[in-house]
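Close look at the chain arrangement
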Amino acid sequence: MCTRAGLYIFTLWDTFSVAIPLLFIGVAQCIAVAWFYDLDRFCADIEFMTGSPPHLYWRICWKWLSPALISVILLASVVKQCLTPATYNAYVGCVEFPNSPLHNGTTTWSKDVEFVWWAQILGALMVMLPVLPMPLLAIIPGLKALGVLKP
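Keep in mind that what you see is a predicted model, and the values were worked out from it rather than measured. (Residues numbered from 1 in each chain as written. Predicted model: local features only at pLDDT ≥ 70, side-chain atom pairs only at ≥ 80, totals over all residues. Heavy atoms only, no water.)

What to know about the overall build of the chain
Scanning the chain from terminus to terminus reveals six helices and two strands. Along the chain, from the amino end to the carboxyl end, the secondary structure elements read α-α-α-α-β-β-α-α. The buried share of the chain, reckoned over its 151 residues, is 23%. Long-range contacts, defined here as pairs at least 24 residues apart, represent 56% of the contacts in the chain between residues at least 6 apart. Total accessible area computed for the chain in this model is approximately 11,200 Å², and 71% of it derives from carbon and sulfur atoms. (Helix = DSSP H or I, 4+ residues; strand = E, 2+ residues; numbered from the N terminus. Buried < 20%, exposed > 50% of the residue type's maximum accessible area, 1.4 Å probe, protein only. Contact = heavy atoms within 4.5 Å. Areas by Shrake-Rupley, 256 points an atom, 1.4 Å probe, with all protein chains shown as cover.)

Focus on the packing of aromatic side chains
According to the stated counting rule, one finds six aromatic pairs in the structure shown. Among the aromatic residues, those joined into a cluster by ring pairs are Phe42, Tyr57, Trp58 and Trp62. The side chain of Lys63 reaches across the aromatic face of Trp35, ending 4.2 Å from its centre. (Phe/Tyr/Trp six-rings, centres within 6.5 Å; stacked < 30°, edge-to-face > 60°. Lys NZ or Arg CZ within 6 Å of the ring centre and 35° of its normal.)

Structural notes on the pattern of salt bridges
If you walk through the whole model with that rule in mind, you get one salt bridge. Asp40 is paired through a salt bridge with Arg59; the nearest N and O atoms lie 2.5 Å apart. Of this pair, Asp40 sits in helix α3 (residues 39-50) while Arg59 sits in helix α4 (residues 56-83), and the two are 19 residues apart along the sequence. Relative accessible area serves as the criterion here: at 46%, Asp40 is assigned to the partly exposed category. Take Arg59: its relative accessible area is 25%, and that puts it in the partly exposed class. (Salt bridge = Lys/Arg side-chain N within 4 Å of Asp/Glu carboxyl O.)

A closer look at the layout of surface pockets
Here the second largest pocket defines a volume of roughly 260 Å³. Of all the secondary-structure elements, those providing two or more residues to the lining of the second largest pocket are α2 (19-36), α4 and α5 (117-131). Among the elements that make up the lining of the second largest pocket, the one with the highest residue count is α4 (five residues). Class assignment for the residues of the lining of the second largest pocket results in 10 nonpolar, two polar and no charged. (1 Å grid on protein atoms, 1.4 Å probe; cavity = no way out; pocket = protein on both sides within 12 Å on 5 of 7 lines; lining within 4 Å. Points joined across faces, edges and corners; volume = space filled by probe spheres on them. Nonpolar A, V, L, I, M, F, W, Y, C, P; charged D, E, K, R; others polar.)

Describing the confidence of the model for the chain
In low-pLDDT regions, the fine details of the predicted coordinates are not to be read closely. With 85% of its residues at a pLDDT of at least 70, the chain reaches an overall mean of 85. Mean pLDDT values over the elements of the chain span from 78, in strand β1 (residues 87-91), up to 96, in α3. (pLDDT = per-residue confidence, 0-100.)

So, a nonpolar patch on the surface
A grouping of Val116, Trp117, Trp118, Ile121, Leu122, Leu125, Met128, Leu132 and Leu136 is seen on the molecular surface, where their side chains present a nonpolar patch of about 910 Å² in accessible area. It is α5 that provides the largest number of residues to the nonpolar patch, a total of six residues. Turning to its location among the elements, Leu122 is positioned in helix α5. Residue classification places Leu122 among the partly exposed positions, given a relative accessible area of 37%. (Patch = residues over 30% accessible without salt bridge, like charges linked within 9 Å, V, L, I, M, F, W, Y side chains within 5 Å.)

Quick word on α5
One full turn of an α-helix is made of 3.6 residues, so residues set three or four places apart face in the same direction. Here α5 spans 22 Å end to end across 15 residues, near enough to the 21 Å set by a 1.5 Å rise per residue. Residues of α5 that are buried: Ala119, Gly123, Met126, Val127 and Val131. Along the axis of α5, the buried residues cluster in a sector spanning 125°; they form a single face. Opposite the buried face of α5, by more than 90 degrees, sit the exposed residues Trp117 and Leu129. Check the buried side of α5 and you find it contacts α1 (6-16), α2 and α6 (133-146). (Expected span 1.5 Å × (residues − 1). Arc of directions from axis to C-beta.)

Structure follows, in structure tokens:
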């Protein structure tokens, strides 16, 4: 990395920015296609494009199995992220020559260290930033239909 904090920033990005937002987007996409766009309409589009309708197995997976399993994985990921603080692997040096007076050296030269509080907050923002526009944009048409917002 370009700076001394490069691996710290990369680990922060890798820990927070990928899994939960992608799982949320996957659940939202499954629900949007199977429930809002309508599965029968989607299957008719597939039949139009390929010449044969999708098998019942795919219809069950798209409507029930995939959203349920991805939701369970998403819920487990969120619970794990909330219950266990995120850590990164820090270089601390060997036992004889520690790298820093803050950390004793180890036989493996590195140990897992918790991210500082501001990095945890930044990580939470990195999770929410790609996810928040989806529910907000889904609510706006409903508010317009109810007359709360002007069209």
